[in-house]
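# Observations on chain architecture
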Amino acid sequence: MTHELKKTALCAACEKAGGKMVDFHGWLLPVQFDSIIAEHKAVREACGMFDVSHMGQLRVVGKEALHFLQYVSCNIIKSGASEGTYFHILTEQGTIIDDAIAFCLNLEEFLVVVNAACVDEDFAWFQKQASAFKVSVTNESAKWSMIALQGPTAVGIADKILPGVIDLPRFHIKEIELFGANGYVTRTGYTGEDGVEIMLPNAQIEALWNALLKLGVKPCGLGARDVLRLEAGYLLNGADANQTKTPYEANCGWVVKLTKENFIGKAALEAKKAAGFATKLRAFKLKNPGVPREGCKVFYQGVETGTLTSGTFSPLFKGIAVGYASSTIPVGAEVEIEIHGRKVPAEVVKTPFYKNRV
Amino acid sequence: MYNEENCRFLKTHEWAFVEGENAVVGISNHAQEEISDIVFVDLPKVGRQVKAGENCCVIESVKSASEIYAPVSGEIVAVNEALNADPALVNREPHAGGWLFKIKMADPNEFNALLDFAAYNASIGK
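Residues numbered from 1 in each chain as written. Chains lettered and ligands numbered in written order. Predicted model: local features only at pLDDT ≥ 70, side-chain atom pairs only at ≥ 80, totals over all residues. Heavy atoms only, no water.

### Structural notes on helix 7 (residues 222–231) of chain A
Residues and elements named next belong to chain A. Most of helix 7 is tucked away: 10 of the 10 residues are buried. Every buried residue belonging to helix 7 is among L222, G223, A224, R225, D226, V227, L228, R229, L230 and E231, and all of these are buried. Just downstream of helix 7 lies G233, where phi reads positive at about 80 degrees. (Buried < 20%, exposed > 50% of the residue type's maximum accessible area, 1.4 Å probe, protein only. Helix = DSSP H or I, 4+ residues; strand = E, 2+ residues; numbered from the N terminus.)

### Observations regarding the layout of surface pockets
Residue and element names in this part refer to chain B. When its volume is computed, the second largest pocket comes out at roughly 290 Å³. Looking at the lining of the second largest pocket, the elements that each hand over two or more residues are strand 4 (38–42) and strand 6 (55–61). When residues in the lining of the second largest pocket are grouped by element, the largest group, four residues, is from strand 6. Within the lining of the second largest pocket, the residues separate by chemical class into seven nonpolar, four polar and four charged. (1 Å grid on protein atoms, 1.4 Å probe; cavity = no way out; pocket = protein on both sides within 12 Å on 5 of 7 lines; lining within 4 Å. Points joined across faces, edges and corners; volume = space filled by probe spheres on them. Nonpolar A, V, L, I, M, F, W, Y, C, P; charged D, E, K, R; others polar.)

### Re helix 8 (residues 266–275) of chain A
Residue and element names in this part refer to chain A. Every buried residue belonging to helix 8 is among K266, A268 and L269, and all of these are buried. The buried residues of helix 8 occupy an angular sector of 155 degrees when projected down its axis, which confines them to one face. In helix 8, the exposed positions angled more than 90 degrees off the buried face are occupied by A267, A274 and A275. Here the buried face of helix 8 lies against strand 6 (84–90). In the stretch just after helix 8, G276 is the one whose phi turns positive, near 90 degrees. (Arc of directions from axis to C-beta. Contact = heavy atoms within 4.5 Å.)

### Things to note about the interface of chain B and chain A
Facing the 13 residues of chain B at the interface are 18 residues of chain A. Across the interface of chain B and chain A, roughly 1,300 Å² is buried in total on both sides, 55% from carbon and sulfur atoms. When the buried surface of chain B facing chain A is broken down by residue, D37, V62 and K63 of chain B rank first, second and third, together holding 42% of it. When the shortest N-O distance is used, the salt bridge between R342 of chain A and D42 of chain B registers 3.1 Å. The tally of links between chain B and chain A comes to 11 residue pairs in polar contact (both at pLDDT 80 or more). Secondary structure elements with two or more residues in the side of chain B that touches chain A: strand 4 and strand 6 of chain B. (Buried area = accessible area lost by both parts, 1.4 Å probe. Salt bridge = Lys/Arg side-chain N within 4 Å of Asp/Glu carboxyl O. Polar contact = N/O pair within 3.5 Å; in protein donor to acceptor, adjacent residues only side chain to side chain.)

Structure follows, in structure tokens:
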């Protein structure tokens, strides 16, 4: 039986731009257009754009919208006008269902942007929890398309199409009107660079893609996106985080606010934190040539200590990776990563590998 | 050197030509286009004995690792040291400066049994 891949509204435009299309969690998306190294360079030094229409949008509306979101989030959801908050959606066991951003449109209305592979599960989870609140949750994922415009020149370029967006603070949202339709722009991204993500209805997104192409923006694929996000120390849900890991283990303790009155997973997190964690998501930089990948074993003092969950070749740092390994190995220590049967020395480092002005 | 008449191929995109008693091995232009962005070549050790069809080298791109198979049996007698400093040479010159290794052939008949240029092209739909 052949599985029909879902296509974004930009699929044809991506193919026209030379996109090499692959199956990504059931979506047909471009892994690269030009070369991954050239696309990475464009985003780090100028500007690149990504079709991220596969990502999900859940709208939470009602008198208790904020109260509801505080309950399903381990982080404190900000409720200032247009403020966004990165948070994790947890199980009762305090483990990670998804990571997401909630944007405050007003005190009774929030837009939550979630990972593509988790839309259905997040929506079902929100609906289940919503019954106890005066709130309604709708899944608008099929309605919206989204382009992420990323890089040091991205916001300046976006300002040519959306005058004034240059004044939008980091992690804020703004309602926009573009090509005769209403949408949103957020000053967010998944690359470690400044930039915006623009949501428009499916029918209008290709006009935006073409306008950005005319402004010289380089189309970039999932390959470059994965290198950029790993350099920036961002989690890939499903790989670096899943329903067996708490935010503490995933190196995201800052996302958990135990001072909050109550939220799903709080009791479990308090207990687990008190007991301590044997393993955590650790970061590694290869000392010799090679490319570490998901699934490679990590050895410390000759003993297997863990497995990589993400790894790649970074044009900036060469072989970099993250994986769950003993939480007691000191930063700076040498480990070995087994790649194709060859043990390659690597240094335990802190994340992010790449840190810039954002 | 590589040319369409003297080269033989594997379906897995390796090419080889005979130089004295050795077979010089590399990957096709089609293969380097598919792999793209080559960032590391894990070359075999000189002196290693390989069998025809044996995985003996790994080409790493940003996105993936590709195994390279020995077209013929024999001993690895040389590897392309230039690839250690410049692995992207395989992308730029897959048929020349980007060669991978040389095998001292145990049985030259194995070479003759490989795909010719037309048969290889047919296998990649060209």
